[in-house]
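# Tertiary structure, described
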Amino acid sequence: MRTLIKNGTVVTASDTFVADVWIEGGRIVALTHPAGRERAGSPTREIDATGQYIIPGGIDAHTHLDMPFGGTNSVDDFESGTVAAAHGGTTTIIDFAIQKKGGTLTEALDTWHAKAEGKAAIDYGFHMIATDVPPNQLEEMAKIVREGVTSFKLFMAYPGVLLLDDQSIFRAMLRAGEIGALICMHAEHGLPIDVLVQRALAEGHTAPVWHALSRPEVAEATGTERAIALAEMAKVPVYIVHLSAQRALERVMEARDRGLPAYAETCPQYLFCSEDDLRGKPEGEGEGEFEGAKFVCTPPLRPKHHQEHLWRGLRNHDLQVVSTDHCPFCMKGQKELGRGDFSKIPNGMPGIETRLHLLWEAVRERKISMNRFVEITSTAPAKIFGLYPRKGNICIGADADVVVWDPEKRFELSHKNLHMRADYAAFEGKTVIGAPSHVFSRGELIVEHDKFLSRPGRGHFLRRGTFSL
Ligand code: URP
Ligand code: ZN
Ligand code: ZN
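What counts, and where the lines are drawn
- Residues numbered from 1 in each chain as written.
- Chains lettered and ligands numbered in written order.
- Predicted model: local features only at pLDDT ≥ 70, side-chain atom pairs only at ≥ 80, totals over all residues.
- Heavy atoms only, no water.
- Axes fitted to C-alpha atoms, helices over the stretch in contact; angles between N-to-C directions.
- Helix = DSSP H or I, 4+ residues; strand = E, 2+ residues; numbered from the N terminus.
- Parallel < 35°, antiparallel > 145°, perpendicular 65-115°, else oblique.
- Contact = heavy atoms within 4.5 Å.
- Nonpolar A, V, L, I, M, F, W, Y, C, P; charged D, E, K, R; others polar.
- Buried < 20%, exposed > 50% of the residue type's maximum accessible area, 1.4 Å probe, protein only.
- Pairing = 2+ DSSP bridges.
- Right-handed = clockwise from strand over helix to strand, strands pointing away.
- Near = heavy atom within 4 Å.
- Polar contact = N/O pair within 3.5 Å; in protein donor to acceptor, adjacent residues only side chain to side chain.
- Areas by Shrake-Rupley, 256 points an atom, 1.4 Å probe, with all protein chains shown as cover.
- Phe/Tyr/Trp six-rings, centres within 6.5 Å; stacked < 30°, edge-to-face > 60°.
- Lys NZ or Arg CZ within 6 Å of the ring centre and 35° of its normal.

## Things to note about the packing of helix α2 (residues 105–116) against helix α3 (residues 138–146)
Contact pair α2 / α3: the axes reach a minimum separation of 9 Å and the direction vectors enclose 30°. One way to sum up the angle between α2 and α3 is to call them roughly parallel. Touching Leu105, Thr106 and Leu109 of α2 are Glu140, Met141, Lys143 and Ile144, all from α3. When grouped by side-chain class, the residues that make up the contact of α2 with α3 number 4 nonpolar, 1 polar and 2 charged.

Quick look at the structure:
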């Protein structure tokens, strides 16, 4: 099969140019000028991309599919989650395997391979969440890296569940530096947060908005500062996940200004939603204040003014990536576990399908350029997480993970149009302009005009390279 995508405009992180894109054997084999089309040979399949952009498939570097959390499991598994991702123009995910406390990293990796194999419809890699770092586990970290899992997420939050003490974090960082792995940090100061949560509950504050009120911005700022300080002492790079707020961003900016290899991602929920969403609806409308449970994620949604700082961070390259932290739970049977106690609401929001749609809004509003859109959704995560240049670019030799993006297509981000399994949509009722018309994964046309053409299980596990920026 030799596919030609013709008459489109290629957009990469650095360039915008008119070109025909030729795909063969799962790869991009040529970029040619339309004037020379006759000489370039004959295709077996042609896609006319007139008026459309040709961009590298999205890479979502932060997803939680089929993840046990808060006494339940995130509701999208590797089948529904990756099919939904594909519909939204994402062709690669990096999900999180979780070490059981007292268990090994290898056991965790085996468990997550079993969850993904035969189900994933797009390519996938794994980060490893280490919940325990005894000295004798340091050798196992190297083994995991050799298997292509080259980043470790550590938690400063969730005491008794995921939180690691500073000594363990520091040991893991030193080891990561030796083996070329990247430490991804959930940077919230978890112990005082827990006290605030208990105090709020004791005072009778049970509504979802208290999730935000008991996890103040300063707890994230100090966590971020501590993560960066530990990484500086260990002389290793650090990547702050799901950064939500101005002061945490300022800590990253200061570090970068000092020349430290500090990186950070934010997520659409922090760019487009706010603490107001956590307040729910007036009594009598929907679930009333409990509607806010739909928006409980960690770190929490912040007051609206934080958004402009995050956008500036993205424009100025102080934030490198937008990933989703897709961690979906249904209201019925899952979020409702926290009715009467906000601390029992499973943390996380659906988003794997709508990231590109939402960020294209920012392109339309001239908050970011088209090239920056490509960079933060695909090229930068490919580079940071050892997938470049196989993924993250439209260039000869790259995997043909290609999205034909129709900038005029109207799409309603409503539950009835989406493929994620959560029983609600965070942006219900919002219509965006700009959506994928065709999505290719390794040269296979997997979505055409919102129709899924492929099959679960076709996704490959990606052995990622070590950190090399
Ligand atoms: O609310 C969130 N973010 N759920 C997933 C777990 C995490 O900390 O990323
Ligand atoms: Zn986290
Ligand atoms: Zn997460």
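## Quick notes on the pairing of strand β11 (residues 90–98)
Most of β11 is tucked away: 9 of the 9 residues are buried. Judged from the 4 bridges that link them, strand β8 (residues 58–63) and β11 form a sheet pairing that is parallel. Within the sheet, the bridge partner assigned to glycine 58 lies in β11 and is threonine 90. In the sheet, β11 pairs with strand β12 (residues 123–129) via 7 bridges, with the strands oriented parallel. Opposite isoleucine 93, over in β12, you have tyrosine 124 as the bridge partner. One crossover worth recording links β11 to the parallel β12 by way of α2, and it is right-handed.

## Let's talk about the site of ligand 1
Ligand 1 sits among 13 residues. The nearest are His64, Lys153, His186, Thr298 and Asp325. Measuring from an oxygen atom of ligand 1, one finds a side-chain N or O atom of lysine 153 at 3.0 Å. Coverage of ligand 1 by the protein chains reaches 99% of its 270 Å² of free accessible surface.

## Some details on the sheet that holds strand β15 (residues 238–240)
If you walk across this open sheet you meet the 8 strands as β8-β11-β12-β13-β14-β15-β16-β17, and the pairing is parallel. Because the sheet does not close on itself, it has two edges, and the strands there are β8 and β17 (321–322). As defined by bridge partners, strand β16 (residues 262–266) adjoins β17 across 2 bridges and the pair is classed as parallel. Bridge pairing in β17 places glutamate 265 opposite valine 321. Across the sheet, helix α1 (residues 78–87) touches β11 and β12, and the angle it forms with β11 is around 150°.

## With respect to the packing of aromatic side chains
Considering all chains together, one arrives at 15 aromatic pairs under this definition. Judged by centre distance (6.1 Å) and plane angle (65°), the rings of phenylalanine 78 and tyrosine 124 are edge-to-face. Of this pair, phenylalanine 78 sits in helix α1 while tyrosine 124 is found in strand β12, placing the two residues 46 residues apart along the sequence. Residue class for phenylalanine 78 comes out buried when judged on its relative accessible area of 0%. Using a relative accessible area of 3% as the deciding quantity, one classes tyrosine 124 as buried. Centre to centre, the rings of tryptophan 360 and phenylalanine 373 are 5.2 Å apart; their planes meet at 80°, and the pair counts as edge-to-face. Within this pair, whereas tryptophan 360 is found in helix α12 (residues 355–364), its partner phenylalanine 373 is found in helix α13 (residues 370–384), the two being separated by 13 residues in sequence. Like phenylalanine 373, tryptophan 360 is buried. Among the aromatic residues, those joined into a cluster by ring pairs are Tyr53, Trp360, Phe373 and Trp405. Note that lysine 115 overlies the ring of tryptophan 112, its terminal NZ or CZ placed 4.6 Å from the centroid. Its guanidinium or amino end placed over the ring of phenylalanine 96, lysine 153 lies 5.3 Å from that ring's centre, counting from NZ or CZ.

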